[in-house]
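# Topology and contacts: notes
The chain contents come next:
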Amino acid sequence: MVGACVQVRGCVGITLWDFYDPFSWVPYVFAGEGGALPWAEGFVKKPAYEGIVEALTNKTTRAWPWW
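Fair warning: this is a prediction, and the values are worked out from it, not measured in the lab.

### Some remarks on the overall build of the chain
Counting its regular elements, the chain contains three helices and zero strands. Its helices and strands taken in sequence order, the chain reads α-α-α from the N to the C terminus. Total accessible area on the chain is roughly 5,200 Å²; 63% of this is exposed by carbon and sulfur atoms.

### Quick word on the environment of Lys45
Residue placement: Lys45 occurs in the loop between α2 (26-29) and α3 (47-56). Taking the C-alpha atoms as reference points, Lys45 and Tyr20, separated by 25 residues in sequence, lie 9.1 Å from one another. When near neighbours in sequence (up to four residues on either side) are disregarded, Lys45 contacts Pro38, Trp39 and Glu50.

### Focus on the environment of Met1
Tracing the backbone shows Met1 in the segment before α1 (2-6). Residue class for Met1 comes out exposed when judged on its relative accessible area of 69%. Taking the C-alpha atoms as reference, Met1 lies 9.6 Å from Gly51; in sequence the two are 50 residues apart. Ignoring sequence-local partners within four residues, the contact set of Met1 consists of Ile14 and Thr15.

### What about the packing of aromatic side chains?
Throughout the structure, instances matching the rule amount to four aromatic pairs. Note on Tyr20 and Phe23: the rings are 5.2 Å apart at their centroids and 85 degrees apart in plane angle, and the pair reads as edge-to-face. With a relative accessible area of 13%, Tyr20 lands in the buried category. On the basis of an interplanar angle of 55 degrees and a centroid distance of 5.1 Å, the ring pair of Trp39 and Tyr49 is categorised as tilted. One end of the pair, Trp39, is in the loop between α2 and α3; the other, Tyr49, is in helix α3, with 10 residues separating them in the sequence.

### Points about the confidence of the model for the chain
Per-residue pLDDT for the chain averages 81, and the proportion of residues at 70 or more is 87%. The weakest mean pLDDT in the chain belongs to α2 at 84; the strongest belongs to α3 at 87.

Here is what the cut-offs are and how they apply
Chains are numbered independently. Their residues run from 1 in the order of the written sequence. This being a predicted model, a pLDDT of at least 70 is required before a residue's local features are given, and a value of 80 or more before pairs of side-chain atoms are given or counted; all residues contribute to the totals for chains, interfaces and linings. To obtain the side-chain values, all non-hydrogen atoms of the structure were used and water was disregarded. Strands here mean DSSP runs of E at least two residues long; helices mean DSSP runs of H or I at least four residues long; both are numbered from the N terminus. All accessibility values rest on the Shrake-Rupley procedure with a 1.4 Å probe; residue burial counts only the protein chains present in the view. Any pair of residues with heavy atoms lying within 4.5 Å of one another is described as a contacting pair. The buried label goes to any residue with under 20% of its type's maximum accessible area, the exposed label to any with over 50%, and the partly exposed label to all in between, with areas taken from a 1.4 Å probe on protein chains only. Planes of paired rings set the category: under 30 degrees apart is stacked, over 60 is edge-to-face and the rest tilted, where pairs are Phe, Tyr or Trp rings (Trp by its six-membered ring) whose centres lie within 6.5 Å. pLDDT measures how confident the predictor is about each residue, on a scale from 0 to 100.

If you want it as structure tokens, here you go:
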């Protein structure tokens, strides 16, 4: 999602529902699905964190030249 946003000139932001799993609403609504946030318990970085950083530091290849 972050990678797609940085490829589009008009994208102005990304919404995260919180920042680490102990505060996630997902396990309460979708039992067994995990926290779905960039950091796990104890602020351990999850693979999604690295993907967000990669996309925001312009390492994501632009798919098309809209500008």
